[in-house]
Amino acid sequence: MEGPAVSPAPVIAAAAPPARRSWAPLLQATPLGLVLLFFFVFPLLATGVVSLWNYTEYSLVPDVTGRNYVEMFEGCGDLSNGLCTTFRTYISTLRLCGMVWAITLLLGFTVAYFLCFHVRSDSVRMGLFLLCTAPFLTSNVIRMISWIPLLGREGAVNQFLVGAGLADAPQDWLLFSPFSVVLAFVHLYTLFVVVPVFNSMMRIDHRLLEAARDAGASGWQTLWHVVVPLAKPGIVIGSIFVIVLVMGDFVTIGVMGGQQIASVGKIIQVQMSYLQFPAAAAQAVVLLALVLIIIAIMTKLVDIRREL
């Protein structure tokens, strides 16, 4: 006679050990965090604090005041006499930045597109890409000064125009003008667009372009509906580089503009030369806020974290 069935003893699974938080990533990021803290965060905070200080002709007064911001926008509320100096300066800077951005984006995108989709050999592509970086072996000042013998009244360009009968007299607008400033900016900063756009385009699968052509898309349709959307992260990153560099530049505008073109960076440099550090700090805070707003708008277009 069989006895009652005995159920097997339940198997108790061993409890998994509690997950331990790894401190290795935090320790690895600590040196970079300290560098950013001391050389980026603290200077920005110090600039914001100094912008609220008062000052005299010979000293700084560590007293909280809104004098610097009030003087900056003084008369800007009354539009009957036209725009105030601050608004005119910011509009001039934004106009200059917009022209440089448009030209560098067009040139940078064209160069990157040619390197990615028209150069078949990897060695030739890398050689041409390194050739684009050759101007960075010299300083910005030397590259700017090199334009003066070309664009001056007795320069090579004017001599060619007069000699070829294209102009009756040397053209003064070629140098110390908005044209020369934009030309110098394009020369200096186009590579900042080429590199991120090239990086984005190199990730595009060429089979997508073949599929678009097989579907009957023209070259422009393929460019606009396939290449541009996939290269958008690089376009945004390159645009941010150019806008940030141009908005705060004063050396290029001073040298190529002949000290005749107003910009926010030039105002800050002049105020610092007169030891008006609180006023210059207030200008820097407003400029930083404007640049951050522009960057925030551009980053809404695409998630650039995929590119970083």
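What you see is a predicted model; the values in this text were computed from it and never measured.

The rules behind the values
Residues numbered from 1 in each chain as written. Predicted model: local features only at pLDDT ≥ 70, side-chain atom pairs only at ≥ 80, totals over all residues. Heavy atoms only, no water. Helix = DSSP H or I, 4+ residues; strand = E, 2+ residues; numbered from the N terminus. Disulfide = S-S within 2.5 Å. Buried < 20%, exposed > 50% of the residue type's maximum accessible area, 1.4 Å probe, protein only. Salt bridge = Lys/Arg side-chain N within 4 Å of Asp/Glu carboxyl O. Phe/Tyr/Trp six-rings, centres within 6.5 Å; stacked < 30°, edge-to-face > 60°. Contact = heavy atoms within 4.5 Å. Core = buried A, V, L, I, M, F, W, Y, C linked by side-chain atoms within 4.5 Å. Axes fitted to C-alpha atoms, helices over the stretch in contact; angles between N-to-C directions. Parallel < 35°, antiparallel > 145°, perpendicular 65-115°, else oblique. Left-handed = near helix turned anticlockwise from the far one by under 90°. UniProt positions renumbered as here; feature names shortened; annotations may be inferred.

Colleague: I'm lost on the environment of Ile91 in this one. Help?
Modeller: You can see Ile91 is positioned in helix H3 (residues 85-117). In this structure the C-alpha to C-alpha distance between Ile91 and Ala262, which are 171 residues apart in sequence, comes to 10.0 Å.

Colleague: Looking at this structure, I do not really get the state of the cysteines. What am I missing?
Modeller: Throughout this description, disulfide means a covalent bond between two cysteine sulfur atoms. For the structure on display, the rule yields one disulfide. Disulfide pairing is shown between Cys76 and Cys84; the S-S distance is 1.9 Å. Between Cys76 and Cys84 the disulfide shows an S-S torsion of about 85 degrees. By sign, it is right-handed. Of the two residues examined, Cys76 and Cys84, each falls in the buried class. The closest cysteine sulfur to the non-disulfide-bonded Cys97 is located on Cys84, 20 Å from its own sulfur.

Colleague: I tried to follow the pattern of salt bridges on my own but got confused; where do I start?
Modeller: Note that side chains of opposite charge can pair when their charged atoms are close. The tally for this structure, following the rule as stated, stands at four salt bridges. Glu71 is paired through a salt bridge with Arg67; the nearest N and O atoms lie 2.9 Å apart. Of the two residues, Glu71 and Arg67 both sit in helix H2 (residues 67-72), four residues apart, roughly one turn of that helix. Asp122 serves as the salt-bridge partner of Arg125, at 2.6 Å between the closest nitrogen and oxygen.

Colleague: Looking at this structure, I do not really get the packing of aromatic side chains. What am I missing?
Modeller: How two aromatic rings sit relative to each other is set out by the distance from centre to centre and by the angle between their planes. As enumerated under the stated definition, the model contains nine aromatic pairs in all. Both rings, one in Phe38 and one in Phe42, keep their centres 5.4 Å apart while their planes meet at 85 degrees; by these two values the pair is edge-to-face. Here the residue Phe38 and the residue Phe42 both occupy positions in helix H1 (residues 24-50), the gap between them amounting to four residues, near one helical turn. By relative accessible area, which is 38% here, Phe42 ends up partly exposed. Grouping aromatic residues by their ring pairs yields a cluster made of Phe185, Tyr189, Phe192 and Phe241.

Colleague: How do you make sense of the environment of Leu128 when you look at a structure like this?
Modeller: Topologically, Leu128 is positioned in helix H4 (residues 122-132). Once the C-alpha coordinates of Leu128 and Val61 are considered, the two residues, 67 residues apart in sequence, prove to be 55 Å apart. Sequence-distant contacts of Leu128, that is, excluding residues within four places in its chain, are made with Phe114, Leu115 and Val119.

Colleague: Can you walk me through the nonpolar core in this structure?
Modeller: One broad rule of soluble globular proteins: the nonpolar side chains tend to lie buried together. Within the largest apolar cluster, 60 residues are counted, with the highest numbers of intra-cluster contacts made by Phe109, Phe185, Met201 and Val227. When residues of this core are assigned to their parent elements, the largest contribution, ten residues, is made by H3. If we ignore the near neighbours within four places in the chain, the residues touching Phe185 are Leu96, Val100, Thr190, Val246, Asp249, Thr252 and Ile253.

Colleague: Is there a simple way to explain the packing of helix H9 (residues 191-201) against helix H12 (residues 232-247) in this structure?
Modeller: Helix packing for two helices is described by the angle between their axes and how far apart those axes are. Between H9 and H12, the shortest axis-to-axis distance is 7 Å and the interhelical angle comes to 165 degrees. Considering the angle they form, H9 stands roughly antiparallel to H12. Here H9 and H12 pass one another in a crossing that is right-handed. Seen from H9, the contacting residues are Phe192, Val193, Pro196, Val197 and Ser200; seen from H12, they are Pro233, Gly234, Ile235, Ile237, Gly238, Phe241, Val242 and Leu245.

Colleague: Would you take a moment to explain the UniProt feature "domain: ABC transmembrane type-1" (unreviewed entry) in the protein chain for this structure?
Modeller: Mapped onto the present numbering, the UniProt feature "domain: ABC transmembrane type-1" (unreviewed entry) falls on residues 90-298. Between the first and last C-alpha atoms of residues 90-298 the distance is 19 Å; the span itself is 74% helix and 0% strand.

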